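Each chain, written out:
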Amino acid sequence: MNRKKRILSGMRPTGKLHLGHLVGALENWVSLQDEYENYHLIADYHALTTDLDSSNVYQNSIDMLIDWLSVGLDPEKSPMFRQSQIKQHTELHLIFSMLITSARLERNPTVKDQVRDLNIENITYGHLGYPVLQSADILLYKGECVPVGDDQVPHIEITREIARKFNLQYGSVFPEPEPLLTRFPRLPGLDGSQKMSKSAGNTILISDEPDVVQKKMRSAVTDPLKIRKGDQGRPEICLVYTYHQKFNPTDTAEIASGCRSSALGCVGCKSKCATKIIEHLTPFREKRKYYEENKQVVLEILNEGEIKGRKVAEATMNEVRTVMGFG
Ligand code: TRP
């Protein structure tokens, strides 16, 4: 039998997760669990790049872990651990920071977008080096595949460059990882912007209760030219239609023709869509309830994940120090 390829992926713990995380990454993580060997990282040090106040980082990490477990990540198949608890991440980051120029990092479009969106006047050394730490995250586990949203592709390109440079200089230790994208790498936000994001306040959370989902969907932006039910709409430019494509795939033809012919109004269309999203989220809500009532189980899962992660990380760092000549 062929060896299973290895996945390493992660997220920053920025609070409760939303449908963008679910569709862009988490569903992929869950569906790949059997086919790959998986490691999943809570990138808690990375959270410092955009928020120096780390007083909530622990709670946010636990909340995110509960979201991961609720959507079906299985701790037996997918150990989950925090970056801050495995010190090899920072060690490998130091070494990798010598293998890439600051000019190369300054060209990273995802970091540029963050600087623009968050109005950052002077980027810190650590934020600029975000992809270098991410490279260490991935390569410490010799990750070959990285299932993420498309905004992460530039970071994975940097990871490949660092792996190549290291291997040429010191000997072949690392794979050159590849991104694995989903069919919807980016789910639009409720306000019509390209992406769901916490900072834009345009999200539906995985943990939202049914009435909240209905209410949020009522606020969703639709085709601006379709004002009354009798107006003809353009599903191809409507974010609610994109949600239907994702959460209600069997009815899309009917929804599209109803919208175009004006038989279907936006209010009814949104409510149908909300119902489908709620159906999709219901099993997750039930699992979440269990984990919220059994916090001890969650902490044990984390502890075991950290033991497994540390083992791999230690082995890789030993190899790195040896090939580099540190002994
Ligand atoms: N940059 C990712 C994000 O913003 C989080 C992350 C950190 C990550 N380390 C990683 C993703 C390693 C994939 C692999 O969501």
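Structural notes, computed from the coordinates. Worth saying up front: this structure is predicted, and the values here are computed from it rather than measured.

**Things to note about the overall build of the protein chain**
Turning to step 1, where the next piece is worked out: Across its full length, the protein chain carries 13 helices and five strands.
Turning to step 2, where the next piece is worked out: Taken against the 2.2 N^0.38 rule, which gives 20 Å for 327 residues, the C-alpha radius of gyration of the protein chain at 21 Å falls within 12% of a compact globule.
Turning to step 3, where the next piece is worked out: In terms of principal-axis extent, the alpha carbons of the protein chain reach across some 75 × 45 × 45 Å.
Turning to step 4, where the next piece is worked out: Looking at the protein chain as a whole, 52% of its 327 residues qualify as buried.
Turning to step 5, where the next piece is worked out: Contacts in the protein chain between residues far apart in sequence, at least 24 positions, make up 77% of those at least 6 positions apart.
Turning to step 6, where the next piece is worked out: Carbon and sulfur atoms make up 51% of the accessible area of the protein chain, which amounts to about 15,900 Å² in all.
Turning to step 7, where the next piece is worked out: Charge-centre separation for the protein chain: the mean point of 42 positive side chains lies 3 Å from the mean point of 42 negative side chains.

**Remarks on unusual backbone geometry**
Turning to step 1, where the next piece is worked out: Unusually for a residue other than glycine, Asn119 sits at a positive phi of about 55°.
Turning to step 2, where the next piece is worked out: In this fold, Asn119 is placed in the loop between α5 (109–117) and α6 (125–128).
Turning to step 3, where the next piece is worked out: With a relative accessible area of 68%, Asn119 lands in the exposed category.
Turning to step 4, where the next piece is worked out: The residue Ser262 is not glycine, and still its phi comes out positive at about 80°.
Turning to step 5, where the next piece is worked out: Secondary-structure assignment places Ser262 in the loop between α11 (252–261) and α12 (266–293).

**Considerations on the site of the ligand**
Turning to step 1, where the next piece is worked out: Residues in contact with the ligand amount to 15 residues; listed here are only the nearest, Gly10, Tyr130, Gln134, Asp137 and Gln152.
Turning to step 2, where the next piece is worked out: Between Tyr130 and the ligand, the recorded distance is 2.8 Å, taken from a side-chain N or O atom to a nitrogen atom.
Turning to step 3, where the next piece is worked out: Residue Gln134 places a side-chain N or O atom 2.8 Å away from a nitrogen atom belonging to the ligand.
Turning to step 4, where the next piece is worked out: Within the complex, the protein chains bury 91% of what would otherwise be the 360 Å² of accessible surface of the ligand.
Turning to step 5, where the next piece is worked out: Mapped onto the shell around the ligand, the elements with two or more residues apiece are β1 (6–11) and α7 (130–140).
Turning to step 6, where the next piece is worked out: Taken together, the residues of the shell around the ligand sort by class into eight nonpolar, five polar and two charged.

**Quick notes on helix α3 (residues 88–96)**
Turning to step 1, where the next piece is worked out: For α3, the set of buried residues is Gln88, His89, Leu92, Ile95 and Phe96. In an axial view of α3, the angular spread of the buried residues amounts to 125°, which keeps them on one side of the axis.
Turning to step 2, where the next piece is worked out: Each element contacted by the buried residues of α3 is listed here: β2 (37–42), α7, α8 (153–170) and α13 (295–324).

**A few points about the environment of Ser31**
Turning to step 1, where the next piece is worked out: When you line up the elements, Ser31 lands in helix α1 (residues 19–31).
Turning to step 2, where the next piece is worked out: Through-space distance from the C-alpha of Ser31 to that of Leu190 is 26 Å; in sequence the pair is 159 residues apart.
Turning to step 3, where the next piece is worked out: In this structure the side chain of Ser31 is engaged in a polar contact, spanning 3.2 Å, whose partner is the backbone oxygen of Asn28.

Procedures and definitions
Residues numbered from 1 in each chain as written. Predicted model: local features only at pLDDT ≥ 70, side-chain atom pairs only at ≥ 80, totals over all residues. Heavy atoms only, no water. Helix = DSSP H or I, 4+ residues; strand = E, 2+ residues; numbered from the N terminus. Rg over C-alpha atoms; globule rule 2.2 N^0.38 Å. Buried < 20%, exposed > 50% of the residue type's maximum accessible area, 1.4 Å probe, protein only. Contact = heavy atoms within 4.5 Å. Areas by Shrake-Rupley, 256 points an atom, 1.4 Å probe, with all protein chains shown as cover. Lys, Arg positive; Asp, Glu negative; His and termini not counted. Charge placed at Lys NZ, Arg CZ, Asp CG, Glu CD. Near = heavy atom within 4 Å. Polar contact = N/O pair within 3.5 Å; in protein donor to acceptor, adjacent residues only side chain to side chain. Nonpolar A, V, L, I, M, F, W, Y, C, P; charged D, E, K, R; others polar. Arc of directions from axis to C-beta.

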